[in-house]
Amino acid sequence: MCKRSVNYWGVKPVSRIGQTFQELKAKGEKALIPYVSCGDPSLEFTEQLVLKLSKAGADLLELGIPYSDPVADGPTIQKASQRALAAGVKLEGILRMAASLRGKIQTPLIFMTYFNVIYRYGLKQFVDRSLYAGIDGVIVPDLPPEEAGAFKRLMDEADLDLIFLAAPTSTEDRLQKIASCARGFIYCVSVTGVTGSREKINADLATFIEKVRSHTDLPLAIGFGIANPLMARQVAPLAEGVIVGSSIIERIETNLTLINEQPDVVIEEICAYVTELKKAINFTKESGG
Amino acid sequence: MSANGYFGEFGGRYVPEILLPALLQLETAYEQYRQDPCFREELAHYLTTYVGRPTPLYYARRLTEHLGGGKIYLKREDLNHTGSHKLNNSLGQTLLAQKMGKRKIIAETGAGQHGVATATAAALLGCACTIFMGAEDVRRQSLNVFRMKLLGAQVVEVRSGTQTLKDAINEAMRCWAARVRDSHYLIGSVVGPHPYPTMVRDFQSVIGEEVKQQILEKEGKLPDYLIACVGGGSNAMGLFSPFLNEREVKMIGVEAAGQGISTGKHAAPLNVGSKGVLHGALSYILQDEDGQILPAHSLSAGLDYPGVGPEHSYLKDSGRAQYLSITDEEALNAFQMLSRWEGIIPALESAHALAYAIKLAPSLSAEQVLVVNLSGRGDKDVQTVSKLLGGEAGE
């Protein structure tokens, strides 16, 4: 079972992430979790985009902190990270943007980055600054439970959710290990591979999700490869949340010139897409099923 | 020394969950087969009859006399089949993959030495082989690309990031994530997540084992200095590891100072890098203040890497080995000097180790012995050097 820290009233504290999933469950809804790459193509754009997304159907938001060597990412997110780094985006700037966002919206915000970014900044400093900025959780794709020790302790102390990933290749005992230290939700990787749009859903997905479910009571969110509303609708019934990244970033990549001139037009387009995704994952509910 | 894949604080397995089960499976298989007499015998058979081991330990008399001072011995890894030490590891891992039932091999390569060695091992053992190579390196080493294709490998040009070795490793890892169930990722150096640094070291330690025996026969004592170049650091670990407990043997790893450490255009993470995680292991790396990996620079493509094997980081911090650096220019001089004085054209990588030996030898007495690992032959570098020298080989 998941080991949650217990506060001095003997009550398990529920994070903003946990609370969001509970509220959605009560409404019979699934969580839509868009991913954006911070600073692609500028932090001002990212901040505006996130503000609007939180009102367009995003239930939680993943803020990607760019890294030069993202091994878990396909070409779309690699290029987005490179654009952001080339534009001179720094971690300090991203932390300031997160704090500014937190002053304006209540949507849970989750950092997603690679371990070296955190290690270099200092584990404690990263946790402290994230907490101060109002971040609710952190996803580190290259930090499996075995290596998470010190960082996990600091995250627990700060009562922030360190979100672990489960993969189709994970064995039963690995899933048990992941479940025993997971908080917030478990990020279920839907494909054997890296991030990026795919043409269809992996046929074994339902079996995999069931396997993860047998080890935990935490909400499950499915990510990697979900490229359109139809796919989002197909996977939604299996889990509590759906994560969409690359197909959002593709809409930035193809509109870079337009973003320079009329960023609002592109933000509107992305918001319309996210609204469509949100409708798609709650299709059953809306159709009265 | 490597408990749970750690060398002190260095090493580990910082990789996506998708790869973790395959690493655990590899660790188990490796632990099983490394002790299996049949496996050891089979590998030894190939090393003798196919690779051409043992390689000679050659006393470089003319060079020694020219410099005056310590005796310089060269461990002739350049005489291995495919022209470098790389085949020791490629063959060991391909054989292991075969035992694990994985018939598809994925590998990265910088200059192409590891790619050629892996394509060779795959051809020998009948495995499918895909090699990832940075687009920049493909341009610089077109002949090696053709060699790999000739050996039946598929060469994938990597256009992401800096389009060099670091990105070829990233892309190989991404490809492995998608094909992890039936493919083995054959890393070419003592880098990457556990068990690679340990396993690659073990496959390369045949170098040091032979040196130990050979130098005892020739000199009746262990060497005073072991000198090897360090990119990822596999030829150095292979030479050093059997001597780690021989406290009187000094070990020197030579990194590439490129255009000079102070110019920032170098590949010397052990000299001036900082601790960080790259390609699945905690080690010294070249990075900026935000943890973004910085590009490395060296005339020698095999040393052009912003990271280093975690065990080297451990040996540096524990003081057991010393790590110095040699510039492009110094390596180029050593390259010509060995050609002229001994009739051996060394790889530019190995020329870095040699350049340090050339600096050190005159300060030693005639009884002292230096062993330099001549990790590869220089045929592949002749064109580069010819361009740099304007076609004129200088004195």
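Structure: above.
Quick look at the structure, then. Just so you know, the residues in each chain are numbered from 1, in the order the chain's sequence is written. Note on labels: chains are lettered from A, ligands numbered from 1, in written order. Only residues with pLDDT of 70 or above have their local features reported here, since the model is predicted, and side-chain atom pairs are shown and tallied only from 80 upward, although totals for entire chains, interfaces and linings are computed over all residues. To get the side-chain values, all heavy atoms of the structure are used, and hydrogens and water are removed first.

Focus on the overall build of chain A
How we decide: Strands here mean DSSP runs of E at least two residues long; helices mean DSSP runs of H or I at least four residues long; both are numbered from the N terminus. C-alpha atoms define the radius of gyration, and 2.2 Å times the number of residues to the power 0.38 defines the globule rule. Three labels apply to residues, based on accessible area from a 1.4 Å probe with only protein chains included: buried if under 20% of the type maximum, exposed if over 50%, partly exposed otherwise in between. Contact between two residues is taken to exist if any of their heavy atoms lie within 4.5 Å; hydrogens are not considered. Residue exposure ignores everything except the shown protein chains as possible cover, and the areas themselves are Shrake-Rupley values with a 1.4 Å probe. For this count, His and the chain ends are skipped, Lys and Arg are scored as positive, and Asp and Glu as negative. We put the charge of a Lys on NZ, of an Arg on CZ, of an Asp on CG and of a Glu on CD.
When helices and strands are tallied, chain A shows 14 helices and nine strands. By the compact-globule yardstick of 19 Å for 289 residues, chain A fits well, its C-alpha radius of gyration being 18 Å. With the principal axes as the frame, chain A shows a C-alpha extent of 50 × 45 × 35 Å. For chain A, with 289 residues in total, the buried portion stands at 61%. Contacts in chain A between residues at least 24 apart in sequence constitute 72% of all its contacts with a sequence separation of at least 6. On chain A, roughly 11,400 Å² of surface is accessible, and the fraction owed to carbon and sulfur atoms is 53%. Averaged over its 32 positive side-chain charges, chain A has a centre that lies 3 Å from the centre of its 34 negative ones.

A closer look at helix α3 (residues 75-86) of chain A
Convention followed: The span expected for a helix works out to 1.5 Å for each residue beyond the first.
With 12 residues, α3 of chain A extends 16 Å from end C-alpha to end C-alpha; this agrees with the ideal 16 Å at 1.5 Å per step. Among the residues making up α3 of chain A, those that are buried are T76, I77, Q78, A80, S81, R83 and A84 of chain A. Buried positions along α3 of chain A lie against β1 (31-37), α11 (246-253) and α12 (256-261) of chain A together with α8 (165-179) of chain B. Backbone geometry just after α3 of chain A places G88 of chain A at a positive phi near 85°.

A short note on the sheet that holds strand β6 (residues 128-134) of chain B
Residues and elements named next belong to chain B. Formally: Strands pair, by our definition, only if DSSP identifies at least two bridges between them. Lines fitted to C-alpha atoms define the axes, with helix axes restricted to the stretch in contact, and inter-axis angles between N-to-C directions lie between 0 and 180 degrees.
Spatially, the four strands line up as an open sheet ordered β7-β6-β5-β8, and their pairing is parallel. Only two strands of the sheet have a single neighbouring strand rather than two, namely β7 (154-158) and β8 (183-185). Ignoring strand direction, the axes of neighbouring strands in this sheet form an average angle of 25°. Two elements, β6 and β7, share five bridges in a ladder whose sense is parallel. Across the sheet, T130 pairs through a bridge with Q154, a residue of β7. The strands touched by helix α5 (residues 113-125) are β5 (104-109) and β6; relative to β5, the strand with the most contacts, the crossing angle is about 165°.

Considerations on a nonpolar patch on the surface
All names here are of chain B. Definition in use: Patch membership is restricted to residues that have no salt bridge and whose relative accessible area is over 30%. Joining uses 9 Å for like charges and 5 Å for the nonpolar side chains Val, Leu, Ile, Met, Phe, Trp and Tyr. Any Lys or Arg side-chain nitrogen located within 4 Å of an Asp or Glu carboxyl oxygen qualifies as a salt bridge.
A surface patch of nonpolar side chains, about 310 Å² in accessible area, is lined by F146, L150 and L151. The topology assignment puts L150 in helix α7 (residues 142-150). Classification of L150 by relative accessible area gives exposed; the value is 65%.

Quick notes on the sheet that holds strand β7 (residues 186-189) of chain A
All names here are of chain A. Pairing in this open sheet of nine strands is parallel, and the strands run β5-β4-β3-β2-β1-β9-β8-β7-β6 from one edge to the other. Only two strands of the sheet have a single partner each, and these edge strands are β5 (161-163) and β6 (165-166). Examined bridge by bridge, strand β8 (residues 220-223) and strand β9 (residues 241-244) share two bridges and lie parallel to one another. Within the sheet, the bridge partner assigned to I222 lies in β9 and is V242.

Some thoughts on the environment of E253 of chain A
Residues and elements named next belong to chain A. How we decide: We call two N or O atoms a polar contact when they sit within 3.5 Å, provided that within protein one can donate a hydrogen and the other can accept it, with sequence-adjacent residues counted only if both atoms are side-chain atoms.
On the secondary structure map, E253 appears in helix α11. C-alpha separation for the pair E253 and D204, spaced 49 residues apart in sequence, amounts to 31 Å. Of note is the side chain of E253, whose polar atom sits 3.0 Å from the side chain of K79.

Description of the packing of aromatic side chains
Selection rule: A pair of Phe, Tyr and Trp rings is counted when the ring centres sit within 6.5 Å of each other, with Trp represented by its six-membered ring. The angle between the planes then sorts it: under 30 degrees is stacked, over 60 is edge-to-face, the rest tilted. Sitting over a ring, as applied to charges here, requires NZ of Lys or CZ of Arg to be within 6 Å of the ring centre and within 35 degrees of the ring normal.
Counting across every chain of the model gives 16 aromatic pairs over all chains. Pairing F115 of chain A with F151 of chain A gives two aromatic rings, centres 6.4 Å apart and planes at 65°, and the pair type is edge-to-face. Of the two residues, F115 of chain A is situated in helix α5 (residues 115-121) and F151 of chain A in helix α7 (residues 145-157); the sequence distance between them amounts to 36 residues. A single burial state applies to F115 of chain A and to F151 of chain A, both of which are buried. A ring pair is formed by W176 of chain B and Y185 of chain B, whose centres lie 5.9 Å apart and whose planes are at 55°; its orientation type is tilted. Side by side, W176 of chain B and Y185 of chain B carry an identical accessibility label, which is buried. Ring pairing ties together the aromatic residues F111, F115, Y119, Y121, F126 and F151 of chain A together with Y14 of chain B, which thus form one cluster. Residue placement shows R251 of chain A over the ring face of Y273 of chain A; its charged tip is 3.6 Å from the ring centre. Here the basic side chain of K71 of chain B rests over the ring of Y59 of chain B, its NZ or CZ set 5.0 Å away from the ring centre.

Here we look at unusual backbone geometry
In this model, D40 of chain A is joined to P41 of chain A through a cis peptide bond whose omega is -5°. Mapped onto the elements, P41 of chain A comes out in the loop between β1 and α2 (43-56). Here R53 of chain B and P54 of chain B are connected by a cis peptide whose omega angle stands at -5°. Note that P54 of chain B resides in the loop between α2 (37-51) and β3 (57-59). Of note, Q163 of chain B is a non-glycine position whose phi angle comes to about 60°, a positive value. Considering the arrangement of structural elements, one finds Q163 of chain B in the loop between β7 and α8. By relative accessible area, which is 21% here, Q163 of chain B ends up partly exposed. Backbone geometry at H279 of chain B places phi at a positive 50°, although glycine is not the residue there.

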